[in-house]
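Geometric and topological summary
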Amino acid sequence: MHQNNELYLYMLDKTWKLTEDWYQSLDKSDPKVMYSSTDPQVINTFKQQNYEFHKRFCTLFDEAESESNFLLKFEPWIVNIARDEEHLDTPIHFILREFFKSQEQYINLINQFIEQNPNQYSRETENLWKNVITQTFAKVMVWFTQEITNYANRQLEASKEMILELSSPVICLNNNTGLLPLIGEIDTARAKHILEQTLKQCSEKEIEHLLIDLSGVLIIDTMVAHQIFQLINTLDVLGVKSTLSGIRPEIAHTAIQLGLDFENISITSTLERAINDR
């Protein structure tokens, strides 16, 4: 077994010094990295975060601690750091660099402990301790990387959802007329979202006539064109009349090539005219 209470207490006694030494060794020259902050509150926060890491990590050698319990106690720290805004804003290779620095600190602690206790521990035991340190750091770093990646991806998906919500609003012009202004690039995923959200919003807002303005759309591919026409057809089934405005020549050309039928669709050249016709 690698656990040794004398080593554990030796490390525990040096946890705050490890934090102070770590902070002094930081490269604070890069303004894009959180470690360059001069804000006392920020400095105190990540010093405390580092200190909490050491308090947990040194229990790796506590004879009363099981490996499963050790990892269980680490989970709140990893989750907290992975969701911390300062860490999220710092490139991950800078953070991993600091993990490796801390790993080196513990290797040095082993060397110091062995020197202060000559002839008490074999080279085999020393190597075992060092291997356990490097293996555990590897586990923690992988765990942290997975957690911060998953959290960042969840935030990204939430942001995408919000952008999609804001990019396809049905604006009420009066009690029964709505406007759907479409702007920018529309891919298949966004077109599907527009279809779903427009139907939902028209129902909620009791829209009877929807003006769909395409003047801000530069390109529409085959699938997107079909989605827009599907939207118009579905609205018609639900009793909502549609008027298209601002169709660019290239978009009209694409629609014609696809054989899409404009015959039963109300079309005006501009949004202004569509509103005035109401």
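Structure: above.
Figured I'd write up the structure that's included with this text. This structure is a prediction, so every number in the text was calculated from the model and none was measured.

1. Regarding the sheet that holds strand 4 (residues 241–245)
Pairing is mixed in the open sheet, where 5 strands are placed in the order 1-2-3-4-5. Looking at which strands have only one partner, the edges of the open sheet turn out to be strand 1 (171–172) and strand 5 (266–268). Examined bridge by bridge, strand 1 and strand 2 (residues 177–183) share 2 bridges and lie antiparallel to one another. Directly across from C172, in strand 2, lies its bridge partner G178. On the sheet, helix 9 (residues 222–237) packs against strand 2, strand 3 (209–216) and strand 4 and is oriented at approximately 165° with respect to strand 3.

2. Quick look at the environment of P40
By the secondary structure assignment, P40 is in helix 3 (residues 40–57). Sequence separation between P40 and A274 is 234 residues, and the spatial gap between their C-alpha atoms is 59 Å.

3. Considerations on the pairing of strand 2
Of all 7 residues that make up strand 2, 6 are buried, and the element is covered over most of its length. The antiparallel hairpin formed by strand 1 and strand 2 contains 4 residues in its connecting segment. One ladder, built from 6 bridges, connects strand 2 with strand 3; its direction is parallel. Bridge assignment links G178 to a residue of strand 3, and that residue is L210.

4. Quick notes on the side chain of T243
Position of T243 among the secondary structure elements: in strand 4. Assessed through its relative accessible area of 6%, T243 is described here as buried. In contact with T243, not counting residues within four places along its chain, are H209, L210, L211, I212, S266, T268 and A274.

5. Overview of helix 4 (residues 67–82)
Since one α-helical turn is 3.6 residues long, residues separated by three or four positions face the same way. Look at helix 4: 22 Å from first C-alpha to last across 16 residues, which is about the 22 Å you get at 1.5 Å a residue. In helix 4, a bend of some 30° at F74 exceeds every other bend along the element, and P76, a proline, comes one to four places later. By the burial criterion, the buried members of helix 4 are F70, F74, W77, I78, I81 and A82.

6. Quick look at the environment of I212
With respect to the element layout, I212 can be found in strand 3. Along the primary structure I212 and V170 are separated by 42 residues, whereas in three dimensions their C-alpha atoms are 9.2 Å apart. Not counting chain neighbours up to four residues away, the residues in contact with I212 comprise L180, L182, L231, I232, S242, T243, L244 and S245.

Analysis parameters
- Residues numbered from 1 in each chain as written.
- Predicted model: local features only at pLDDT ≥ 70, side-chain atom pairs only at ≥ 80, totals over all residues.
- Heavy atoms only, no water.
- Pairing = 2+ DSSP bridges.
- Helix = DSSP H or I, 4+ residues; strand = E, 2+ residues; numbered from the N terminus.
- Contact = heavy atoms within 4.5 Å.
- Axes fitted to C-alpha atoms, helices over the stretch in contact; angles between N-to-C directions.
- Buried < 20%, exposed > 50% of the residue type's maximum accessible area, 1.4 Å probe, protein only.
- Expected span 1.5 Å × (residues − 1).
- Bend = angle between axes of the 7 residues up to and from the residue.

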